[in-house]
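What follows is the residue order along each chain.
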Amino acid sequence: QPLILPARPTSILRVAGMGVLTAIVSSVDAVTSRYFGCDAILLAVLAYVAVRAWRWLGQDLIGPHAETPKVTVEINEEEQARELTGKRKFDYASEWGKSKTTIPCWDPSTMDFLGEMPATSADDVRKMVARARVAQKKWAESSFAQRRQLLRTIQRYILENSDAIATVACRESGKTVIDAMVGEITVTLEKLRWTTVYGEQYLLPEYRDSGLMNMHKTSRVEWVPVGVVGAIVPWNYPFHNVFNPTIAALFSGNAIIIKVSEFAAWSTKYYGRVLQACLAAVGAPTDLVQFAVGFSETGSALVAEADKVIFVGSVGVGKKVMEAASKTLTPVILELGGKDPFIVCDDADPKELAQLVVRGAYQNMGQNCAGPERFIVYDKVYDTFCESVSALVKTMRQGPPLSDEYVDCGACVHPPSLENYQRFVDDAVKKGARVLAGGKRNKEFPQGQFFEPTVLADVTEDMLIAKEETFGPILSIFRVKNNSDAEAIRIANNCSFALSSCAHSADQPRAARICAQLEAGMSSVNDVEGTTYLSQSLPFGGFKDSGFGRFAGPEGLRGLCHERSIVQNRAAFLKPSIPRAIAYPANGKGPAFCAALNQVLYGCSLLSRARGVVDIISASMPVAGKP
């Protein structure tokens, strides 16, 4: 005869519970079928869809913030002309650094002088923060419908004025129009789209399990705006670096003061007018967004005054920001660059990858936080990869980007970096690397800040360019001996940065396995790493020397808020009470009562919980001579 084991008490309870639940559902289903003509599940789905539709669409379609205003901003010749005439040329060597109170501005591709801007003093920063605090208190009470209206207004302006926005970005940074359209405008529009559609759900109170001791209460987390966000941003993307933190700060209910690089100050005049006009169009306080332009003193003042700091820049300056923030215990988000690996396996086709490789390496002349710098290529395809990539790079045209639609590569923003690029190339060649293309400043444009798109082969891990962030137009190729995945992963992880990464293989699961072993905050399987940034639902950031904290995605919005935990009785008539056994003064039954309560709530078996019930009754009995 087969051995029949008795059912465990927990199994019996589970079956009984399912029976009760089935009976309840059947009863509800009968009622809904009789009165609404549909079953309970369908009715519940329809009700859920209706609530969601009203929450996400209804307020935006018929509420007071349904309209998307059209904004018009005055624009001058410097901000819209493709070529400027009659401008004197700026001489960086003799003119830079002469004054601490003014900032000279120029076009790095033509050296056309664009004038000066006054540097924001520490006292000015304090006054800006004071105004921002007043504006933020009002904005914190705004509805999500109004915040979405603001983002839609910005989005509409961008779409209707993309040519002017791109022209200003190109004149400020020397990038090509294509680089501006993709790297400045497209990613900003995607952030606006994601935040408008999904942002509210990640900032609403989040209800969580209350635990057994608090089963009579609800438990939730609320996301409270930090107040005034201070963003210190670099010069590589003058438009997106401004609008990226602004979108997140405003939607999460904050004000923001943006300290731009002294090498990207000129464009804030136009972009500032755009933001002011969009804020005014939806009835938002215009002091919610303000710009600080200046040198290190300006940044230090902002770190000292802001409620949270976002810093994007170098490791060295990031450490100083963190040190300064520690004096006021101001939380910081640090994005300190990377040296991203691009792994090409032995079964990949280098000829098919060539366009992707070159676009990844020379987008914005390689001046990208998350962009491939180390191309780690397996032995089997190494020579073909070098030939295919260098041949394509040699066909690329370089020059002032606004005067020629056929320019592939623009200028570089930061004059000292040009000398650093040459230092990297010279060191690599001295240690055995080969220059397959470029390798020096472009002599065809002596007045512009141009470094030729460069390809270095046979780069090894002892070279400077293998260790330090390049942040420029140099494509470095490393050889993976014996076509070993383990060796490719070792080379990739032998780096102090850990921002982004990618791996390419004809076998996609293989590429995914490699990516899973790379030390990086982001990774892309069979695509260039920058594609992770096109998914604005994902957090952006890294670890190791690449910093910590995240922007973009739910983490980016919530990162600009304080978390507030709240418990509340499920019904108003429920009142807190202290059992007599643990009330003051002690009656001697407290320890026994607590032990019994733990057994009732957390006992490992039905029997132990039943014993706990008996013990808790015993511990609750009156004690002679005690109140």
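Every residue gets a number counted from 1 within its own chain, in the order that chain's sequence is written. Side-chain atom pairs in this predicted model are given and counted only at pLDDT of 80 or more, local residue features only at pLDDT of at least 70, and totals for whole chains, interfaces and linings cover all residues. Water and hydrogen atoms play no part in the side-chain values, which are based on all heavy atoms of the structure.

Caption draft 1: Broad picture of the overall build of the protein. Within the protein, the secondary structure is distributed over 22 helices and 20 strands. Counting across all 627 residues of the protein, residues that qualify as buried make up 51%. Residues count as neighbours in contact if any of their non-hydrogen atoms are within 4.5 Å of one another. Long-range contacts, defined as pairs at least 24 residues apart, comprise 71% of the intrachain contacts of the protein with a sequence gap of at least 6. Areas reported here follow the Shrake-Rupley algorithm with a probe of radius 1.4 Å; residue values treat only the protein chains shown as occluding. Split by element, the accessible area of the protein, about 29,500 Å² in all, is 58% carbon and sulfur. Think of it this way: Lys and Arg go in the positive column, Asp and Glu in the negative one, and His and the chain ends go nowhere. Where a charge lies is defined by one atom per residue type, namely NZ (Lys), CZ (Arg), CG (Asp) and CD (Glu). Averaging the positions of the 67 positive and the 66 negative side-chain charges in the protein gives two centres separated by 9 Å. In this description a helix means any DSSP run of H or I spanning at least four residues, a strand means any run of E spanning at least two, and both kinds are numbered starting from the N terminus. Relative accessibility thresholds used throughout: buried, under 20% of the residue-type maximum; exposed, over 50%; partly exposed, between the two (1.4 Å probe, protein chains only).

Caption draft 2: Broad picture of the nonpolar core. Here, nonpolar core means buried Ala, Val, Leu, Ile, Met, Phe, Trp, Tyr and Cys residues that are tied together by side-chain atoms lying within 4.5 Å of each other. With 108 residues, the main nonpolar core has Tyr-270 and Leu-288 as its most contacted residues. Ranked by size, the runner-up nonpolar core spans 58 residues in total, among them Val-393, Val-480, Ala-488 and Ile-489.

Caption draft 3: A look at the pairing of strand 7 (residues 289-293). Of all the 5 residues making up strand 7, 5 are buried; the element is thus mostly covered by neighbouring parts of the structure. Burial along strand 7 is two-sided: the residues Val-289, Phe-291 and Val-293 and Gln-290 and Ala-292 are all buried. Inspection of the sheet shows strand 6 (residues 255-260) paired to strand 7 by 5 bridges, in the parallel sense. In the strand pairing of strand 7, Ile-257 is matched with Gln-290. Read as a crossover between parallel neighbours, the route from strand 6 over helix 10 (residues 268-281) to strand 7 is right-handed. Any two strands with at least two DSSP bridges between them are considered paired. A clockwise course of the path from the first strand over the helix to the second, judged with the strands pointing away from the viewer, identifies a crossover as right-handed.

Caption draft 4: Layout of the sheet that holds strand 13 (residues 454-457). Taken together, 7 strands build an open sheet; the order of strands is 12-13-14-11-10-16-17 and the sheet is mixed. Edge positions in the sheet fall to strand 12 (434-437) and strand 17 (524-525), since each of these pairs with one other strand and no more. Where strand 10 (residues 340-344) and strand 11 (residues 372-378) come together, 5 bridges link them in parallel fashion. Note on strand 11: the bridge partner recorded for Val-344 is Val-377.

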